[in-house]
Structure formats: structure tokens, C-alpha cells
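For reference, the chains in residue letters:
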Amino acid sequence: MLDKTITDAVKELTQAVKTSQIYREYEMQLIKVKKHPELYESVNEFRVKNFELQTQESSDGLYEKAEKLEQEYENIIENPMVSDFLRAELAFCRMMQEVNIYIAQELDFE
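Residues numbered from 1 in each chain as written. Predicted model: local features only at pLDDT ≥ 70, side-chain atom pairs only at ≥ 80, totals over all residues. Heavy atoms only, no water.

Visitor: I tried to follow the overall build of the protein on my own but got confused; where do I start?
Guide: Within the protein one finds six helices and zero strands. Order of helices (α) and strands (β) in the protein, N terminus to C terminus: α-α-α-α-α-α. In summary, the protein has a C-alpha radius of gyration of 17 Å against a globular reference of 13 Å for 110 residues, an excess of more than 25%. Considering only C-alpha atoms, the protein reaches an extent of 50 × 35 × 25 Å along its principal axes. Expressed as a percentage of the 110 residues in the protein, the buried residues total 21%. The long-range share in the protein, meaning contacts at least 24 apart out of those at least 6 apart in sequence, stands at 67%. With an accessible surface of roughly 8,800 Å², the protein has 55% of that area assigned to carbon and sulfur atoms. Charge separation in the protein, taken as the distance between the mean sites of 13 positive and 23 negative side-chain charges, equals 8 Å. (Helix = DSSP H or I, 4+ residues; strand = E, 2+ residues; numbered from the N terminus. Rg over C-alpha atoms; globule rule 2.2 N^0.38 Å. Buried < 20%, exposed > 50% of the residue type's maximum accessible area, 1.4 Å probe, protein only. Contact = heavy atoms within 4.5 Å. Areas by Shrake-Rupley, 256 points an atom, 1.4 Å probe, with all protein chains shown as cover. Lys, Arg positive; Asp, Glu negative; His and termini not counted. Charge placed at Lys NZ, Arg CZ, Asp CG, Glu CD.)

Visitor: How do you make sense of the packing of aromatic side chains when you look at a structure like this?
Guide: Two aromatic rings, taken as a pair, are described by how far apart their centres are and by the angle between their planes. Under the definition given, this model contains five aromatic pairs. Taking 6.2 Å as the distance between ring centres and 45° as the angle between the ring planes, the aromatic pair formed by Tyr23 and Tyr26 counts as tilted. In this pair, Tyr23 and Tyr26 both sit in helix α2 (residues 21-34), three residues apart, roughly one turn of the helix. Judged by its relative accessible area of 18%, Tyr23 falls in the buried class. Judged by relative accessible area, which is 14%, Tyr26 ranks as buried. Connected via pairs of aromatic rings, a cluster forms that spans Tyr23, Tyr26, Phe85 and Phe92. (Phe/Tyr/Trp six-rings, centres within 6.5 Å; stacked < 30°, edge-to-face > 60°.)

Visitor: Would you mind going over the nonpolar core with me for this structure?
Guide: It is characteristic of soluble globular proteins that their nonpolar side chains tend to be buried jointly. In terms of nonpolar packing, the biggest core is built from 18 residues, with Tyr26, Val43, Ile76, Val82, Phe85, Leu86 and Phe92 touching the most fellow members. Elements supplying a minimum of two residues to this core: α2, α3 (37-54) and α6 (80-106). Considering each element in turn, this core owes the most residues, six residues, to α6. Apart from residues no more than four positions distant in its own chain, Phe92 is found in contact with Val17, Ile22, Tyr23 and Tyr26. (Core = buried A, V, L, I, M, F, W, Y, C linked by side-chain atoms within 4.5 Å.)

Visitor: Explain the pattern of salt bridges to me, please; I cannot follow it from the model alone.
Guide: Close approach of charged atoms allows side chains of opposite charge to pair. For the structure shown, the criterion picks out four salt bridges. The shortest N-O distance in the salt bridge between Glu72 and Lys49 comes to 3.1 Å. Pair noted here: Glu72 is in helix α4 (residues 62-72) and Lys49 is in helix α3, with a separation of 23 residues, a long-range link. The residue Asp84 makes a salt bridge to Arg87 at a minimum N-O spacing of 2.9 Å. (Salt bridge = Lys/Arg side-chain N within 4 Å of Asp/Glu carboxyl O.)

Visitor: What is the right way to read the layout of surface pockets from this model?
Guide: To find leftover empty space, one rolls a probe the size of a water molecule over the atoms. Here the largest pocket is characterised by a volume of approximately 560 Å³. Along the walls of the largest pocket sit 18 residues, with Phe46, Asn50, Gln54, Leu86 and Glu89 positioned nearest its centre. At the level of secondary structure, the elements contributing two or more residues to the lining of the largest pocket comprise α3, α4 and α6. Broken down by element, the residue count for the lining of the largest pocket peaks at eight residues, all from α6. (1 Å grid on protein atoms, 1.4 Å probe; cavity = no way out; pocket = protein on both sides within 12 Å on 5 of 7 lines; lining within 4 Å. Points joined across faces, edges and corners; volume = space filled by probe spheres on them.)

These figures capture arrangement, not role.
This is how it looks when you write it as C-alpha cells:
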């Protein structure tokens with residue numbers, strides 16, 4: 001269990017993230033995509049397959065697999081609503097990675 005000082009700091013950080021332009025854009029784009037359940041389902045299928053591709057242990061044929069995935073979901077990815085959502089999601093993920101990296105560096109965590 002976290003002590004109160006850390007819990008309070010995490011709550012403050014969470015609030016700062018929630019009020020950031022990057023998170024607000026992500027949230028807005030997510031809401032738009034969710035209004036179209038079939039499209040949202042297809043986007044999630046793409047996201048899962050893309051995640052699996054990026055986290056596979058072997059890099060053999062990675063470029064070809066990525067190209068095949070893009071071709072398979074080309075119609076979905078090219079949808080402006082989807083591309084806006086994916087762009088916003090990527091920006092949010094990068095921001096969270098930067099936060100984690102910053103915390104790890106400040107703590108001298110290896």
C-alpha cells in the first residue's frame with residue numbers, strides 16, 4: 001500500500017495528465033470512434049494485432065508482417081476518424097512513456 005504522500009502525488013500527477021491537451025485530444029477521439037461500435041471493434045482488432053506484432057520475440061519477417069497488417073486494415077486505417085484516433089492514442093502513449101522514463105531516471109532506477 002502506498003503511503004499518503006505518494007498517493008497524493010500520484011493523484012496530482014493523474015489530474016495533470018487528465019487536463020493535458022494530449023489526453024483531452026485522445027479522450028475526444030476515443031469518444032468519436034466509440035460512437036461507431038463496428039468501427040471501434042475493427043480498430044481494436046487492429047490494435048491487438050499491432051501490439052502482438054510489436055511485442056513478438058522474433059524480428060524475423062517483421063517488416064513483411066507489418067506491411068501485411070497495414071494492407072489487411074488499410075480501409076480502416078485510412079478512415080479519417082480512425083487515423084485521428086490512432087494519432088491521438090500514439091501521442092498519449094508517448095507522453096506516458098516520457099513520464100515513466102522521467103520517474104525512472106530521477107530515481108536512478110535501472
